[in-house]
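# Observations on the three-dimensional arrangement
Residues per chain, in single letters:
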Amino acid sequence: MTREMTSSFLIMTIAICTLIIAVGPSELLRIGAIDVDGHFTFKPSDLASVSSDFGMLKSPEQPLAVLHPSSAEDVARLIRTAYGSATAFPVSARGHGHSINGQASTGRNGVVVEMSHRNIGTPEPLVEPEEMYVDVWGGELWVDVLKKTLEHGLAPKSWTDYLYLSVGGTLSNAGISGQAFHHGPQISNVLELDVVTGRGEVKRCSEEENTRLFHGVLGGLGQFGIITRARISLEPAPQRVRWIRVLYSSFEVFTEDQEYLISMHGQSKFDYVEGFVIVDEGLVNNWRSSFFSPRNPVKISSVSSNGSVLYCLEITKNYHESESDTVDQEVEILMKKLNFISTSVFTTDLQYVDFLDRVHKAELRLRSKNLWEVPHPWLNLFVPKSRISDFDKGVFKGILGNKTSGPILIYPMNKDKWDERSSAVTPDEEVFYLVALLRSALSDGEETQKLEYLKDQNRRIMEFCDQAKINVKQYLPHHATQEEWVAHYGDKWDQFRSMKAEFDPRHILATGQRIFQNPS
Ligand code: FAD
């Protein structure tokens, strides 16, 4: 044994002994004895690395162990052990740890399955160009799925704004961005899944096979199984993107235009429709502002708003290089129908991949200023169309004051593009809006940038919706009591609970969501 090997062996032994003293030997021995092709780690640094998330809102709780699986069978062996134990222990898949409220954690007695950590044996994305789909490992990051599919001139149809998220993680929520109005969320673009249930069974499921599990897992917050493979539907990838932002001072005109745009589904339409709210100097300072480059500066004061709230519509037209002669004309025709402030058109043109990966550039910028790894008290809401104007008055023009501490996204979606059989929950109206308050808290900032202030503001927003009877649904939900979860699921609760009893009867999976009681 070399000196390095001896010292890492010693470190490992000390770590295991410390854990055994802390939690008792039986769990660790049981976990350590599971025969996997990947590996378990008990190293304090590995345990620490999976115990926090992007939200940084909770004090980190280290699990007993971390599994780096090589295959679905590794995941199944772990879950079968947890399921078969006299005292079951929690097992949570962790994608890229980009949750806000500890959803991918297990607490002290569990095992975290590191899905996104590439391991020997985990399969590479496999593209089937003839069939127009790609098969991907559940922990694959969307950015890597994109790279692989582009080699074949293909790409998934529906996206998230940020690509460093895992396939299993976004499919457990919904996966939304400006394409959702047309293609539906990412969960509407999945053809087949391999899932390891809470009983440790590996099940293939699709529209034709194990249908109940298939729909239940999509948007299922990890409650019924760990997704180890997903088959994602593809389309020919565009080469370039014309990216346009225009401003509005009237909320009614802004939402009218957004709703008009999402009603278009033919050849002639924009391919992406989003928008954001500007209640302060946000456009200049927020982390999505790279668009307004020095070559394309924006002075908010130059747009007449009398210091009040502005709204920015963000749209894109995808095209192939061979269409570059006609894209201007096509965009012009589409824009003619819109009623934005005519002096406020900002346009840029870039490669498709650069458009999709746009938030990563902002991440690198924020990282360089130490502003990425800070607490993120985000609040994401689906607001029914019939009440969006009340929400504007009460929240954007009311509770927020004139400071936001981060971008506020707002865009509508069509409910008929969401499969009602999935576990995802949306308001009961044909059109609903995503409102995403994506705030960063700064401990040494102004009072309005502090974590407690922003958390209190979130609480006031929820209270306002409650009092005004605006039937919002949380996206990436976080609820404190089971009563709140029952209200969240509404008509879907009975089905959700009965699926839990069927596929994870001992409540082993994704306990960090805090929907059901811990394992018994
Ligand atoms: P994790 O946070 O690791 O896990 C999330 C949940 O899913 C946990 O309960 C976990 O146990 C479970 N899970 C993870 N992997 C699996 C699996 N393989 N099988 C079953 N369950 C699993 N969302 C959008 O929809 N649109 C956006 O535009 C968007 N932009 C974002 C930008 C940033 C910067 C960040 C931080 C988040 C964004 N999100 C967006 C939210 C994102 O979809 C969620 O954080 C989601 O949970 C994915 O993150 P993750 O892969 O890191 O999953």
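Look up a bit, the structure's there.
Below is a short write-up of the structure. (Residues numbered from 1 in each chain as written. Predicted model: local features only at pLDDT ≥ 70, side-chain atom pairs only at ≥ 80, totals over all residues. Heavy atoms only, no water.)

## Topic: the side chain of Thr255
Within the element layout of this structure, Thr255 appears in helix 9 (residues 251-262). Once you skip the residues sitting within four places of it in the chain, Thr255 turns out to touch Ile388 and Tyr433. (Helix = DSSP H or I, 4+ residues; strand = E, 2+ residues; numbered from the N terminus. Contact = heavy atoms within 4.5 Å.)

## Quick word on the sheet that holds strand 3 (residues 91-94)
Across the sheet, which stays open at both edges, the four strands sit in the order 1-2-4-3 with mixed pairing between neighbours. Edge positions in the sheet fall to strand 1 (39-41) and strand 3, since each of these pairs with one other strand and no more. Ignoring strand direction, the axes of neighbouring strands in this sheet form an average angle of 25 degrees. Bridge analysis of strand 3 against strand 4 (residues 111-114) gives four bridges, and the strand direction is parallel. Bridge assignment links Arg94 to a residue of strand 4, and that residue is Glu114. (Pairing = 2+ DSSP bridges. Axes fitted to C-alpha atoms, helices over the stretch in contact; angles between N-to-C directions.)

## So, the packing of helix 9 against helix 14 (residues 388-399)
Two elements in contact, helix 9 and helix 14, have axes separated by 11 Å at closest approach and are oriented at 130 degrees. Between helix 9 and helix 14, the angle falls in the class oblique. In terms of crossing hand, the pair formed by helix 9 and helix 14 is right-handed. Residues Phe251, Glu252 and Thr255 of helix 9 form the contact with helix 14, whose participating residues are Ile388, Ser389, Asp392, Phe396 and Lys397. Along the lines of polarity and charge, the residues of the contact of helix 9 with helix 14 split into three nonpolar, two polar and three charged. (Parallel < 35°, antiparallel > 145°, perpendicular 65-115°, else oblique. Left-handed = near helix turned anticlockwise from the far one by under 90°. Nonpolar A, V, L, I, M, F, W, Y, C, P; charged D, E, K, R; others polar.)

## Here we look at a negative patch on the surface
On the surface, Asp416, Asp428, Glu430 and Asp491 cluster together into a negatively charged patch. Topologically, Asp491 is positioned in the loop between helix 16 (482-489) and helix 17 (493-503). On the basis of relative accessible area, Asp491 is assigned to the exposed category, the value being 82%. (Patch = residues over 30% accessible without salt bridge, like charges linked within 9 Å, V, L, I, M, F, W, Y side chains within 5 Å. Areas by Shrake-Rupley, 256 points an atom, 1.4 Å probe, with all protein chains shown as cover. Salt bridge = Lys/Arg side-chain N within 4 Å of Asp/Glu carboxyl O. Lys, Arg positive; Asp, Glu negative; His and termini not counted. Charge placed at Lys NZ, Arg CZ, Asp CG, Glu CD. Buried < 20%, exposed > 50% of the residue type's maximum accessible area, 1.4 Å probe, protein only.)

## Brief notes about the environment of Ala93
Within the element layout of this structure, Ala93 appears in strand 3. Sequence separation between Ala93 and Leu67 is 26 residues, and the spatial gap between their C-alpha atoms is 9.4 Å. Not counting chain neighbours up to four residues away, the residues in contact with Ala93 comprise Ala104, Val113, Met115 and Ile226.

## A few points about the sheet that holds strand 15 (residues 379-384)
Taken together, the eight strands give an open sheet; going across it, the order is 14-11-13-12-16-17-15-18, and neighbouring strands pair in antiparallel fashion. Each having just a single partner strand, strand 14 (345-351) and strand 18 (473-474) make up the two edges of the open sheet. Relative to strand 17 (residues 431-437), strand 16 (residues 408-414) runs antiparallel, the two being bridged by seven bridges. Bridge pairing in strand 17 places Asn414 opposite Val431.

## Considering the packing of aromatic side chains
Per the stated rule, a full pass over the model turns up 24 aromatic pairs. Taking the centre distance of 6.0 Å and the plane angle of 50 degrees together, the rings of Tyr162 and Trp372 count as tilted. One end of the pair, Tyr162, is in the loop between strand 7 (154-156) and helix 6 (167-171); the other, Trp372, is in the loop between helix 13 (358-368) and strand 15, with 210 residues separating them in the sequence. We note that Tyr162, like Trp372, is buried. Look at Tyr272 and Phe355: their rings are 5.0 Å apart centre to centre, the planes differ by 90 degrees, and that puts the pair in the edge-to-face class. Placement of Tyr272 in strand 12 (residues 272-278) and of Phe355 in helix 12 (residues 352-356) is noted, with a sequence separation of 83 residues between them. In this structure Tyr272 comes out as buried when scored by relative accessible area, which is 1%. Three or more aromatic residues link up through ring pairs in this structure, and these residues are Phe224, Trp485, Tyr489, Trp493, Phe496 and Phe516. Directly above the ring of Phe355 sits Arg358, whose terminal nitrogen or CZ lies 4.2 Å from the centroid. (Phe/Tyr/Trp six-rings, centres within 6.5 Å; stacked < 30°, edge-to-face > 60°. Lys NZ or Arg CZ within 6 Å of the ring centre and 35° of its normal.)

## What to know about the site of the ligand
In the neighbourhood of the ligand, 32 residues make up the surrounding shell, with Ala93, Gly95, Ser99, Asp161 and Tyr475 lying closest. Separating a nitrogen atom of the ligand from a backbone N or O atom of Ile227 is a distance of 2.8 Å. Protein contact buries 97% of the 950 Å² of open area that the ligand shows by itself. Listed by contribution, the elements that provide at least two residues to the shell around the ligand are strand 3, helix 6 and strand 10 (225-236). The class makeup of the residues in the shell around the ligand is 12 nonpolar, 18 polar and two charged. When we break the shell around the ligand down by domain, the ones giving at least three residues each are domain 1 (3-117 + 505-513) and domain 2 (126-236). (Near = heavy atom within 4 Å. Polar contact = N/O pair within 3.5 Å; in protein donor to acceptor, adjacent residues only side chain to side chain. Domains from an automatic or database assignment.)

## Let's talk about the nonpolar core
Among the nonpolar cores identified, the biggest contains 75 residues, and Leu171, Ile176, Leu193 and Met413 are the most heavily contacted of them. Beyond its immediate stretch of four places on either side in the chain, Met413 contacts Ile176, Ala180, Phe181, Ile262, Phe382, Trp418, Glu430, Val431, Phe432 and Leu434. Among the nonpolar cores identified, the runner-up in size contains 43 residues, and Leu261, Leu379, Val435 and Cys465 belong to it. (Core = buried A, V, L, I, M, F, W, Y, C linked by side-chain atoms within 4.5 Å.)

## Structural notes on the environment of His488
Locating His488 in the fold gives a position in helix 16. It is 9.8 Å that separates the C-alpha atoms of His488 and His478, two residues lying 10 residues apart in sequence. Setting aside residues no more than four positions away along its own chain, His488 makes contact with Val425, Lys473, Gln474, Pro477 and His479. There is a polar contact of 3.3 Å between the side chain of His488 and the side chain of His479.

On their own, these measurements won't tell you what the molecule is for.
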